[in-house]
Amino acid sequence: MRKHWLDNLRWVTVLLVLLYHVIYFYNNKGVFGGIGGFGEYPECPQYQDVVMYILYPWFMPLLFLLAGVSARYALQNHSGKEWFRARTRKLLVPATIGLLVFHWMVGYFNTAVAGSMGTLDGVPGFVKYFIFAFSGIGPLWFIQDLWVFSLLLLLIRKLDGKDRFHAWCGKIFGGKAGLVWVILLGVLFYLGQHTLIREPRPESADGLYNLYKPLFYLILFLLGYFVFAHEAVQEKLRQAWIPLLACAAVAGIALVVTTFGQDNTSPQYLGSPLNCLYGWLACLGMTAWFAAKFDRTCHFASYMTKASFGLYIVHYLVIASLGYMMKMYTQLPPVAMYLILAVAVFTLSPLLYDLLRRIPFVRWCVLGEKRRA
């Protein structure tokens, strides 16, 4: 039977990503990819930025964990070769060819937001096009990571040929003391955050490495595959959803109260014990809550299950273009900019997704979808 809670948690988390990017775009800390806030100084707090502190510690780790669970279920019904071919179409094609077809537009606005348009004066148009395409990766780092992890998973499955390690994980983490062991896996969450480069050098690729966080997210992906895909583990979480969610809320409040105003994307912040505690408990709490209470579907949920990947792929063009134009060419008050951008990303992104999926070839390039029946 299809696990609707898994689908529901995934698309709800994607919607939270869209909301996060609205706040992130106007963050006041000068974080890469944002156009800047509305305070007089970068240190001046913007209380709407609290959304970033609440969401960032856990929503991308949770998406990788869920991807690992989904990979386990998919590989029970398909051969590794079939599954990886589908993963390549769904992940690698949009993250490479899609840059040239669609995301060069995101790159154009990313370049404008960074104030780098002047550096391209005199550069031939076709060279600019490729620069914009590369600069348009934006949120696509997520699916680039996932494709690499999918390839690594096939190699790991070869080493675990008889599924012994997966069975062992089910016995340990699904046993009587399984919930305790699952909570203690937060140590891996903490160690994963410490694989980031603490002092990234501006002239190097250190910042890019810290964006992709390959080792950290690989840990979450493999935990999803080997641990959280077990029904016994999910049942343990279902039974404890209230205390897990309550503990996550307490840790999140403590984190926000004690750290608000700091750069919440820095390696030092992400590697702090309190951030890791909150991030891991939030992953467990959200998984437990949805497994216990949202294992059902409806027409809207079914649509979101199919559309959430496409919304993730296309949404940043809406944010980067409209957010940039409002900040640079209007005198709208900040509240109006946030509201307009939030409404736009939740309405225009589905329209853009539905338009693209109806265009032959573009559908394959940008969304990784096969020809429609």
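Heads up: the structure comes first, above all this text.
Residues numbered from 1 in each chain as written. Predicted model: local features only at pLDDT ≥ 70, side-chain atom pairs only at ≥ 80, totals over all residues. Heavy atoms only, no water.

Which parts of the structure should I look at to understand the overall build of the chain?
A tally of regular secondary structure across the chain gives 18 helices and 0 strands. Relative to the globule expectation of 21 Å for 373 residues, the C-alpha radius of gyration of the chain, 21 Å, shows essentially globular dimensions. Along the first, second and third principal axes, the C-alpha atoms of the chain reach 65 × 50 × 45 Å. Among the 373 residues that make up the chain, the fraction classed as buried is 51%. A separation of at least 24 residues holds for 79% of the contacts in the chain among residues at least 6 apart in sequence. About 17,700 Å² of surface is accessible on the chain, with carbon and sulfur atoms providing 69% of the total. (Helix = DSSP H or I, 4+ residues; strand = E, 2+ residues; numbered from the N terminus. Rg over C-alpha atoms; globule rule 2.2 N^0.38 Å. Buried < 20%, exposed > 50% of the residue type's maximum accessible area, 1.4 Å probe, protein only. Contact = heavy atoms within 4.5 Å. Areas by Shrake-Rupley, 256 points an atom, 1.4 Å probe, with all protein chains shown as cover.)

Would you explain the side chain of Arg238 in this entry?
Note on placement: Arg238 falls in helix H12 (residues 231-239). One polar contact links the side chain of Arg238 to the main-chain carbonyl oxygen of Ala291, over a distance of 3.2 Å. Excluding residues that lie within four positions of it along the chain, Arg238 makes contacts with Lys3, Trp5, Glu231, Ala288, Ala291 and Ala292. (Polar contact = N/O pair within 3.5 Å; in protein donor to acceptor, adjacent residues only side chain to side chain.)

In this structure, what is going on with the packing of aromatic side chains? I would like to understand it.
Given two aromatic rings, their pairing is described by the distance between the two centres and the angle made by the two planes. Across all of its chains, the model carries 39 aromatic pairs by this definition. An angle of 70° between the planes, with centres 6.3 Å apart, marks the rings of Tyr56 and Phe59 as edge-to-face. Among the residues examined, Phe59 registers a relative accessible area of 1% and is labelled buried. A centroid spacing of 4.9 Å and a plane angle of 80° characterise the contact between Tyr225 and Phe226, whose relative ring orientation is edge-to-face. (Phe/Tyr/Trp six-rings, centres within 6.5 Å; stacked < 30°, edge-to-face > 60°.)

What is the right way to read the pattern of salt bridges from this model?
Pairs can form between side chains of opposite charge once their charged atoms are near each other. According to the stated counting rule, one finds 9 salt bridges in the structure shown. Across the salt bridge formed by Asp206 and Arg201, the nearest N and O atoms sit 2.9 Å from each other. Classification of Arg201 by relative accessible area gives partly exposed; the value is 47%. Put simply, Glu231 and Arg238 hold a salt bridge, and the shortest N to O gap is 2.9 Å. What makes Glu231 partly exposed here is its relative accessible area of 39%. Given the relative accessible area of 16%, Arg238 is considered buried. (Salt bridge = Lys/Arg side-chain N within 4 Å of Asp/Glu carboxyl O.)

Honestly, the side chain of Asp160 in this entry has me stumped. Any pointers?
With respect to the secondary-structure elements, Asp160 resides in the loop between helix H6 (141-159) and helix H7 (164-173). Among buried charged residues, Asp160 stands out as having no salt bridge; its nearest opposite-charge side chain is Arg72, 6.4 Å away. Once residues within four sequence positions are removed from consideration, Asp160 is found in contact with Phe165, His166 and Phe226. (Lys, Arg positive; Asp, Glu negative; His and termini not counted.)

Would you mind showing me how to read the nonpolar core here?
Side chains of nonpolar character tend, in soluble globular proteins, to be buried together. Counting residues in hydrophobic clusters, the biggest one holds 117 residues, and the most contacted among them are Trp58, Met60, Phe142, Val227, Phe228 and Trp280. By residue number, the principal contributor to this core is helix H16 (residues 299-329), which donates 14 residues. (Core = buried A, V, L, I, M, F, W, Y, C linked by side-chain atoms within 4.5 Å.)

Which parts of the structure should I look at to understand the environment of Ala95?
Residue position: Ala95 is located in helix H4 (residues 80-113). A C-alpha to C-alpha distance of 33 Å links Ala95 and Val182, two positions 87 residues apart in sequence. Not counting residues up to four positions away in its chain, the partners in contact with Ala95 are Leu140, Ile143 and Gln144.

It is not clear to me how the state of the cysteines should be interpreted in this structure. Could you clarify?
Disulfide: a covalent bond connecting the sulfur atoms of a pair of cysteines. Within the structure shown, the criterion is met by 0 disulfides. Between Cys169, a free cysteine, and Cys283, which holds the nearest cysteine sulfur, the sulfur-to-sulfur gap is 18 Å. Classification of Cys169 by relative accessible area gives buried; the value is 2%. (Disulfide = S-S within 2.5 Å.)

So what exactly am I meant to see when it comes to the environment of Val233 here?
Here Val233 is to be found in helix H12. Judged by relative accessible area, which is 0%, Val233 ranks as buried. A sequence separation of 62 residues divides Val233 from Lys171, and the C-alpha atoms of the two residues are 9.4 Å apart. Sequence-distant contacts of Val233, that is, excluding residues within four places in its chain, are made with Phe173, Gly174, Val182, Val227 and Phe228.

Even after reading the chapter, I still don't get a nonpolar patch on the surface, so can you show me in this structure?
Among the surface-exposed residues, Ile97, Leu100, Val101, Phe126, Phe130, Phe361 and Trp364 lie close enough to one another that they form a single nonpolar patch of about 660 Å² accessible area. Those elements that place two or more of their residues in the nonpolar patch are H4 and helix H5 (125-135). It is H4 that contributes the most residues to the nonpolar patch, 3 residues altogether. (Patch = residues over 30% accessible without salt bridge, like charges linked within 9 Å, V, L, I, M, F, W, Y side chains within 5 Å.)

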